[in-house]
Amino acid sequence: MNVSIVSNVEADHCTETVATEETVAPLLPPPRKRTRWDEATSFAPESRDHHDLPENGQEALASLNGREGKAPVETAALPEAVRGWCRTATDETFARRALSKGVAPEHTLRALLQFKNAADASERKAALRVLTTSLEHKRQADAVFGALIDLWQHDDWKASALLALERALPRLVAAAGQQIKPYASALLEVAILGRMDAAPKIPEPFTSRSAKRSAVASAADTVHERALDIHSPTCIAFIKTLSEHAGLAVMIQAVRPWFESPDNQVRQHSARIIALLACIWGFGTLEALLESMLRSQRYGPLPRETAALALCSIALMDGPSVRAHLPTLVRMAQRALVDPEPLVKLAGARAVSALAATASLSEAVLLEPLRAPLWDGVRLYRDRTLTAFLAAAVAIISSMDDRERAYQARSLLTPTMQAMRSTCPVRILEQLLELGQFPPELFMSQVLPEFHEMCFIKPERAVLQTASHHGGRRRLARVAALLAEDLGAAAVLTDQVLRCLSDPSVPATVGSLALETTRHVLAATDGGYDLSPADDQRLVQGLLQWLQAPAPTPYHTIVSIAESLGERLVPWLETLGHLAMARLQSPNGSTRTEAARLVSLLVPIWSRFGQVEVLGRLGTVLAACYSEVYPEALARLLEALATILDALATELQPRHVPFAEILSRLTLVLRNPAKEVQAAAAYLVMVIARHAGRSIPDTAWLRVAHEMRDTLGAQRRRVRYRAVEAYGWVARVLGRMETLVGPLLSVLQQSDRSMRIAAAVALAIAAAQDLGGVLPLLLDAYITEEDKHVQTGVIKAIGFLCSFTGAVKRVWDPVQVYAVTRLLESALVERYETHRQVACETVGHFALALVDQGYEEALVHLLNHVWPNYIALGAEVTDSHLTHAVEFAVRALGVALGAGVLHQYLAQGLFHPAKAVRGLYWPVQRWLGDYFGGMSSSSNCLFALTGPECPEACL
């Protein structure tokens, strides 16, 4: 490829072609004069741009764009098949224009409109099959892509349709093959930019610079709303597929007009595409292009900036693969660093940062030519250019030895502190403090006073803007923590910082920064015990001031500071309790919610220092919260009450805590349909059952169990997990499972599927507590009840039981094993697919629960009944759920029995003459090889069954 580049460059120096076309389709960009990188990218005669479109392709694009338009659009009625998929007037206009010009046949237009306006995925899949068939077999790329490009530019696309189109583009391009070449440029412009021209339409003139900026932003938002995200995997797959079928030359010619676009986003997209092409085709194929772009002078600094951005993207995307070309990349980055234009310098510095992060320690010597221009730029520039040069310099010194690193870091500290006032490069300052070995005197004289002044005394605008985001605020606090590790907490948490915690006149951003700084400093200094008692008092007063603020309060940060203070917080724990109690009784719902969160976080601190009275008073207030009307507030209050009861049960006797009264009033709350309330109530039930289960009558627990059945089938996973755990504690407290099983079996007869699943889960939980007492009841219900819902629910309950107890390795009794085996045998021969599906899932869980317990004979008996269901998968089209269930059962039995046993079932069909039969056997054989480590393990396993005798009464 490099040879063709160089040869074409030499040839283009001798001859020059000039476009003489009089009329060009308005959809396409105008012809340009040849430049230096045009000469470098004229690869082969077969590479064509838009002006080399076939005649019918040019007519299709021009007519669909509606600009050719001397012939009036026909107003005849649309065919019924096409009109049925038109949802807007724009769709009808597009269809009429396309049919009148003969651009696309009727079935292609119908498929495009069906793909755009389909209601579900199945309709879009059907339309996509029609389009791919037209591209692969009918060779109708002109019709498909000509109409698609015009339809894509309409503003009435839904988000789901755009997402589906993004996923379908690689498939369409692959189906088109070489036919995609004439449409590569138009596809890239519409897909990446969301428009057909490379420059946004901005009205002129402007009265101010701010008005122009807002107009540029609004224009960009309008034209980019249909564009794909160039960083998404699907868009990368589209570009990769397009480059493979269209060729490198066509791709470069397509993005060539973007290099000097005045839109910064367009240039960034072009740099990203160049980097993707370098990853696909190799950096060597694009070296001449990047060199010519860096030497360009015709269009100003924009092409050179695009080349530098492409270098940065190549280093970030290709990573270690660019190490072979590191000298070339360093030479190009050095050219960008010494460029007279600030934009190119800025992009070059960012490219150096990416290259330095990619280079290893042994390759650091290759970066030596970059040190001189970098350090010169650090001394000369300001604002964001200085920030970029500092980031590149820090990235380079990271690969130096310790002595050189410490020296260079000290030289960069002063310009970094200067840049903090303009652009606030806090990440660079953090890296310098971590890399360098600075004496404490330097921190006290230069760094710490300026840090306090620009953050807390006279906050700079850049610092305030950085601190307004959580990430920037955390980095500033991390810098303060690094300083405190060498100087101590007292040197960093000065009067100015503590004043910002309690002074209401301080901006909220500065107060949040002071709070975050205090948290990190105390954590870095193991509690900050060098603070004076007066500083501790001011710090606690600041925390109390924050707790009384009406705005959303960072409770986790406040509780972390309280935990770091430790014993020094004891005199104020009573005050914290009164404050929390007052906020719990506030008439504002959000205030009560936040107060409950605070109580939940502070309970461990009160419990650690023995504040039982405070916990008791708060528990009394929270116990009266059942009348709360806001679901979120009620959930928080219940969680706080459960946390307090859990703490009091460890400090006091259960009889001193009113568990029974709380549980009796909780039954009404369990009927609340809010998911967060159900999760909190289940957690409270679990706490009460764990600490005071035996002291509460069984009738109360039965009432609670009845109310919790609906919660077991909740949609949200967190609610289900908490409900299952709480129901298990209730079943453990009751002990007598007969009182639970009867009502649950009656629930299995209901028509509501969610209720039946919840009842099956409850039966499994009850069986896990007393298998010997519950399993006979389940078997009796399966035999006596003719309702399929009941039989399916019993099988589900056994499957849930096996999955619940599989991790704890329950030891099964032989009578129980063979009884369940006979039940599953009966279920596997049922005519209903749903029944057999549930039975296969249960067989899989049952087999995994019996691994290494000596019941291989029963498992082989089940495998003999599962295997016909597996063979039936190839005979007819079955439900996907049944397919997955049968495959799961076969693989689980293979795990339990071993590769040798399963291999005897597979040997009869691995080399069958019918392809459909072999397709059933070989996936299992390949899975055996992956799971057990190859064919040798399958052939060397012995078929030996050892285990207890099968009781005749069970079979």
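Residues numbered from 1 in each chain as written. Predicted model: local features only at pLDDT ≥ 70, side-chain atom pairs only at ≥ 80, totals over all residues. Heavy atoms only, no water.

An unreviewed UniProt entry lists the protein chain under the name Splicing factor 3B subunit 1, with Cyanidiococcus yangmingshanensis given as the organism. Per UniProt, the protein chain has the following entry under Sequence similarities (unreviewed entry): "Belongs to the SF3B1 family." (UniProt positions renumbered as here; feature names shortened; annotations may be inferred.)

Quick question: what am I supposed to make of the state of the cysteines here?
Counted under the stated rule, the structure contains zero disulfides. Free cysteine: C455, not disulfide-bonded; nearest cysteine sulfur from C424 at 6.8 Å. What makes C455 buried here is its relative accessible area of 1%. (Disulfide = S-S within 2.5 Å. Buried < 20%, exposed > 50% of the residue type's maximum accessible area, 1.4 Å probe, protein only.)

How do you make sense of the environment of I765 when you look at a structure like this?
Along the polypeptide, I765 turns up in helix 40 (residues 753-769). Note: C-alpha distance between I765 and A731 (34 residues apart in sequence) is 7.4 Å. Excluding its chain neighbours within four sequence positions, the residues that come into contact with I765 are L712, V724, Y727, G728 and F804. (Helix = DSSP H or I, 4+ residues; strand = E, 2+ residues; numbered from the N terminus. Contact = heavy atoms within 4.5 Å.)

Any chance you could explain the packing of aromatic side chains here in plain terms?
Aromatic ring pairs: the centre-centre distance and the angle between the two ring planes describe each pair. Enumeration over the complete set of coordinates arrives at 11 aromatic pairs. With a centroid separation of 5.6 Å and 55° between ring planes, the pair formed by W867 and Y905 is classed as tilted. Taken together, the positions of W867 in helix 45 (residues 856-871) and Y905 in helix 47 (residues 899-906) put the pair 38 residues apart, joining distant regions of the chain. W867 gets classed as buried once you look at its relative accessible area, which sits at 7%. Judged by centre distance (5.4 Å) and plane angle (20°), the rings of W927 and Y931 are stacked. In this pair, W927 and Y931 both sit in helix 48 (residues 915-932), four residues apart, roughly one turn of the helix. (Phe/Tyr/Trp six-rings, centres within 6.5 Å; stacked < 30°, edge-to-face > 60°.)

Where do I start with helix 47 in this structure?
Side chains that are three or four residues apart share a direction in an α-helix, a result of its 3.6 residues per turn. Within helix 47, seven of the eight residues are buried, which leaves the element mostly enclosed by the surrounding structure. Among the residues of helix 47, those classed as buried are A899, G900, V901, L902, H903, Y905 and L906.

Whenever I open this one, the nonpolar core confuses me. Can you help?
Burial of nonpolar side chains together is a common tendency in soluble globular proteins. Core analysis: the biggest nonpolar cluster contains 323 residues, and W606 and L638 have the highest contact counts within it. Per element, the largest residue contribution to this core is 12 residues, and it comes from helix 34 (residues 631-651). If we ignore the near neighbours within four places in the chain, the residues touching L638 are C625, Y626, L666, V669, V677, A680, A681 and L684. (Core = buried A, V, L, I, M, F, W, Y, C linked by side-chain atoms within 4.5 Å.)

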